[in-house]
Amino acid sequence: QVQVVESGGGLVQAGGSLRLSCKVSASFVRFSTMGWFRQAPGKQRELVATITSGGSTNYKDSVSGRFTISRDNAFNTVYLQMNSLKPEDTATYYCNVQYGSTGFWGQGTQVTVSS
């Protein structure tokens, strides 16, 4: 059974930083695209950033230049460094890893940015 576990969320003031981590309990992850999504109350889940197995990255326009996604295949882990946080970044952040047509999700980690 694949487990996806996020950590690193919390409460931070606007302008602050947080680093999210996501560890996957499966070796196939090193060949997979991994991503971070977020969902604010009353809103749909949205893509924040992705990183391919080769290290190519893609970002939602509103976080580009502030967030950085990275991965460490030795530890089956993906990270999201979030700088210059804004109140509108407040959401539950979810990690996703794709294996073929199947996506695996974590339980989410809450990020709250106060103004």
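Attention here is on the structure that accompanies the text. (Residues numbered from 1 in each chain as written. Predicted model: local features only at pLDDT ≥ 70, side-chain atom pairs only at ≥ 80, totals over all residues. Heavy atoms only, no water.)

With that out of the way, let us pick up the packing of aromatic side chains. All told, the structure shown has 3 aromatic pairs when counted by the stated rule. Plain terms: the ring middles of F28 and Y99 are 4.2 Å apart, the flat faces sit at 35 degrees to each other, and that makes the pair tilted. Of this pair, F28 sits in the loop between β3 (18-24) and β4 (34-39) while Y99 sits in strand β9 (residues 91-99), and the two are 71 residues apart along the sequence. Residue F28 is classed as buried on the basis of its relative accessible area of 14%. On the numbers, 4.9 Å between centres and 65 degrees between planes, the contact of F37 with W105 is edge-to-face. Here the residue F37 occupies a position in strand β4, and W105 occupies one in strand β10 (residues 102-105), the gap between them amounting to 68 residues. Under the relative-accessibility criterion, W105 is labelled partly exposed at 38%. A network of ring pairs unites the aromatic residues F28, Y99 and F104 as a single cluster. Residue placement shows R19 over the ring face of Y79; its charged tip is 4.0 Å from the ring centre. (Phe/Tyr/Trp six-rings, centres within 6.5 Å; stacked < 30°, edge-to-face > 60°. Helix = DSSP H or I, 4+ residues; strand = E, 2+ residues; numbered from the N terminus. Buried < 20%, exposed > 50% of the residue type's maximum accessible area, 1.4 Å probe, protein only. Lys NZ or Arg CZ within 6 Å of the ring centre and 35° of its normal.)

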